[in-house]
Amino acid sequence: MEIIWYHPSQSATAWIRGLQQRLPQARVRAWQPGDEGPADYALVRSPPAEMLRGRATLRGVFALGAGVDEILKQLEQHPGMLPDSVPLYRLEDTGMARQMQEYAVHSVLTWFRRFDDYQLQQQQACWQPLPPYARETFTVGILGAGVLGQSVAEGLKPWGFPLRVWSRSPKTIDGVTSFAGRDALQPFLQGTQVLINLLPSTPETINLIDQHFLAQLPHGAFFLNIARGAQVVEADLLAALESGQLKAAALDVFQVEPLPEAHPLWSHPRVTITPHNAAVTLIDEAIDYIARAITQDQAGETPQGRVDRQRGY
Ligand code: NDP
Ligand code: OXD
């Protein structure tokens, strides 16, 4: 079995060693331009089109992340880059769910306990206890109820906030209210005090979070974006922060990354920023997952994590 691997910024060493250990029957190589040698599986992040073009005999392509928006965009820009018949898989969880829980719990508790306000007060040497928020109305609404959205809901449960999710299809999750489809978006947003975005970036969700969308939240709501920057109209986000419609935002992802130095979000006092690392791909977990999937595929079973290319996630 031949496996080719490509990542624009990571070293291949740990990946190849780990894959060889778990799949001793496989030959794994880092793909280089000009390599047209045989391949049964390709493991990729932002692959050059020529890596995959014409490889109709691939049994699967594994995206080395949870989101597949980038590779799907590449496929659209380079018709024929990957035949439709080749299954595309993505990483489900592989340690990212826990990282997302940490990020979300940290942000929600910071806002609920008003640590952001106290941090600003400290800059003025201001000793002023503030009225607390009521837990019963500090409703957390999660956009996306997939692997990561559901996990974040689980991670927030111990804190006792009302929890709700919005997805395409209805969900049954103990202790969490499910809202499904466009018609349910307005009631979902109207009752959401803290909005957490965990939607995949698809043609339906790009620029979804705009002025009209944010205006449906209660005044003074909070926003956490740990999914994709392309889903947010940043000028509208800034306007909502300026008007107080949003009290604060924690942002991990942006329309342009790295976030340009002169971007007004950098210096906004109510915004915290991280460099697109809310949840990173953990190599060992990812290798375990991919090795298991390849073993299942070889045995004629269906591996989990198959992407529906038409749907976009
Ligand atoms: P999943 O595919 O498991 O879940 C996606 C969820 O979004 C599903 O519940 C789906 O609904 C819902 N959804 C999709 N489209 C729509 C729509 N048009 N309207 C309403 N709901 C919709 O994805 P994951 O949870 O694994 O990951 C989510 C995203 O997180 C990734 O796509 C990626 O972009 C981002 N991410 C960001 C990282 C970071 O570091 N910033 C790291 C890892 C991931 P349904 O269940 O009905 O299909
Ligand atoms: C991912 C990411 O989608 O790193 O995995 O953003």
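What you are looking at is a predicted structure, and each value in this text was computed from that prediction instead of being measured.

Overview of the UniProt feature "domain: D-isomer specific 2-hydroxyacid dehydrogenase NAD-binding" (unreviewed entry) in the protein chain
Working step 1: Look at the UniProt record and you will see "domain: D-isomer specific 2-hydroxyacid dehydrogenase NAD-binding" (unreviewed entry) annotated at residues 107–278.
Working step 2: Here residues 107–278 runs as 27% helix and 18% strand, with 12 Å between its end C-alpha atoms.

A short note on the packing of helix H4 (residues 96–112) against helix H6 (residues 147–156)
Working step 1: Orientation of H4 relative to H6, taken along the N-to-C sense of each, is 50°, at an axis distance of 8 Å. Relative to H6, the element H4 lies oblique. The element H4 and its partner H6 pack so that their crossing is right-handed. Here Met 96, Ala 97, Met 100, Gln 101, Ala 104, Val 105 and Val 108 of H4 lie close against H6, whose contacting residues are Leu 148, Ser 151, Val 152, Glu 154, Gly 155 and Leu 156.
Working step 2: Along the lines of polarity and charge, the residues of the contact of H4 with H6 split into 9 nonpolar, 3 polar and 1 charged.

Overview of the packing of helix H1 (residues 13–22) against helix H10 (residues 283–298)
Working step 1: Orientation of H1 relative to H10, taken along the N-to-C sense of each, is 40°, at an axis distance of 10 Å. By the angle between their axes, H1 is oblique relative to H10. You can see that H1 and H10 cross each other, and the crossing is right-handed. Every residue of H10 that contacts H1 at Ala 14, Trp 15, Gly 18, Leu 19 and Arg 22 is listed here: Ile 283, Asp 284, Ala 286, Ile 287, Asp 288 and Ala 291.
Working step 2: For the contact of H1 with H10, a count of residues per class yields 7 nonpolar, 1 polar and 3 charged.

Section: the sheet that holds strand E5 (residues 88–89)
Working step 1: In spatial order, the strands read E2-E1-E3-E4-E5; together these 5 strands make up an open sheet with parallel pairing. Where the open sheet ends on each side, the last strands, each with one partner, are strand E2 (27–30) and E5.
Working step 2: In terms of strand pairing, strand E1 (residues 2–6) meets E2 through 4 bridges, oriented parallel. When the bridges of E2 are listed, Ile 4 appears paired with Arg 29.
Working step 3: The strands touched by H1 within the sheet are E1, E2 and strand E3 (41–44), with E2 carrying the most contacts at an inclination of about 170°.

With respect to the sheet that holds strand E7 (residues 163–167)
Paired through their backbone hydrogen bonds, the strands of a sheet run either parallel or antiparallel.
Working step 1: Judged by pairing direction, the sheet is parallel, and its 7 strands sit side by side in the order E8-E7-E6-E9-E10-E11-E12 without closing on themselves. This sheet does not close on itself; its edge strands, each paired only once, are strand E8 (177–180) and strand E12 (271–273). Looking at each pair of strands side by side, their axes are set apart by 15° on average, direction ignored.
Working step 2: As paired elements, strand E9 (residues 194–197) and strand E10 (residues 221–225) share 4 bridges and run parallel to each other. Paired with Leu 195 across the two strands is Phe 223, which belongs to E10.

Re the pairing of E3
Working step 1: Every second residue of E3 is oriented toward a common face, with Tyr 41 and Leu 43 on one face and Ala 42 and Val 44 on the other, all of them buried.
Working step 2: With 4 bridges connecting them, E1 and E3 associate as parallel partners. Directly across from Trp 5, in E3, lies its bridge partner Leu 43.

Quick word on the site of ligand 1
Working step 1: The full set close to ligand 1 counts 31 residues, and Arg 90, Leu 148, Ser 169, Lys 171 and Tyr 313 are the nearest of them.
Working step 2: Between ligand 1 and Arg 168, the relevant distance is 3.1 Å, taken from a nitrogen atom to a main-chain nitrogen or oxygen of the residue.
Working step 3: At a separation of 3.3 Å, an oxygen atom of ligand 1 approaches a polar side-chain atom of Arg 228.
Working step 4: Expressed as a share of its isolated accessible area of 940 Å², the protein-covered part of ligand 1 is 93%.
Working step 5: Elements with a contribution of two residues or more to the shell around ligand 1: H4, H6 and E7.
Working step 6: Broken down by element, the shell around ligand 1 gets its largest block of residues, 3 residues, from H6.
Working step 7: Along the lines of polarity and charge, the residues of the shell around ligand 1 split into 16 nonpolar, 8 polar and 7 charged.

Thresholds applied
- Think of each chain on its own: its residues are numbered from 1, step by step along the sequence as written.
- Here every chain gets a letter starting at A, and every ligand a number starting at 1, in the order they are written.
- Local features in a predicted model are, by the rule used here, given only for residues with pLDDT of at least 70; side-chain atom pairs are given and counted only at 80 or more, and totals for whole chains, interfaces and linings are based on all residues.
- Hydrogens are left out, water is left out, and the side-chain values use all remaining heavy atoms of the structure.
- UniProt positions are given in the numbering used here, feature names are shortened, and annotations may be inferred rather than shown by experiment.
- Only DSSP runs of H or I covering at least 4 residues are called helices, and only runs of E covering at least 2 are called strands; the numbering of each starts at the N terminus.
- An axis is simply a line fitted to the C-alpha atoms; with a helix, the fit covers only the stretch in contact. Between two such axes, the angle follows the N-to-C directions and lies from 0 to 180 degrees.
- Should an angle fall under 35 degrees it is called roughly parallel, over 145 degrees roughly antiparallel, and 65 to 115 degrees roughly perpendicular, with every other angle called oblique.
- Each crossing is labelled by how the near helix is turned from the far one, with a counterclockwise turn of less than a right angle marking it left-handed and a clockwise turn marking it right-handed.
- It only takes one pair of heavy atoms within 4.5 Å for two residues to be counted as in contact.
- Under the grouping applied here, Gly and all other residues not named as nonpolar or charged are polar, the nonpolar ones being Ala, Val, Leu, Ile, Met, Phe, Trp, Tyr, Cys and Pro and the charged ones Asp, Glu, Lys and Arg.
- Criterion used throughout: strands pair if DSSP finds at least two bridges between them.
- Think of it in three bands: with a 1.4 Å probe and only protein chains considered, a residue is buried below 20% of the maximum accessible area for its type, exposed above 50%, and partly exposed in between.
- Nearness is judged by heavy atoms alone; a residue qualifies as near a molecule or strand once a single heavy atom is within 4 Å of it.
- We define a polar contact as two N or O atoms separated by no more than 3.5 Å, with the added condition that, inside protein, one atom must be a possible hydrogen donor and the other a possible acceptor, whereas residues neighbouring each other in sequence contribute only through side-chain atom pairs.
- Surface accessibility in these figures is a Shrake-Rupley result with a 1.4 Å probe; residues are shielded only by whichever protein chains are displayed.

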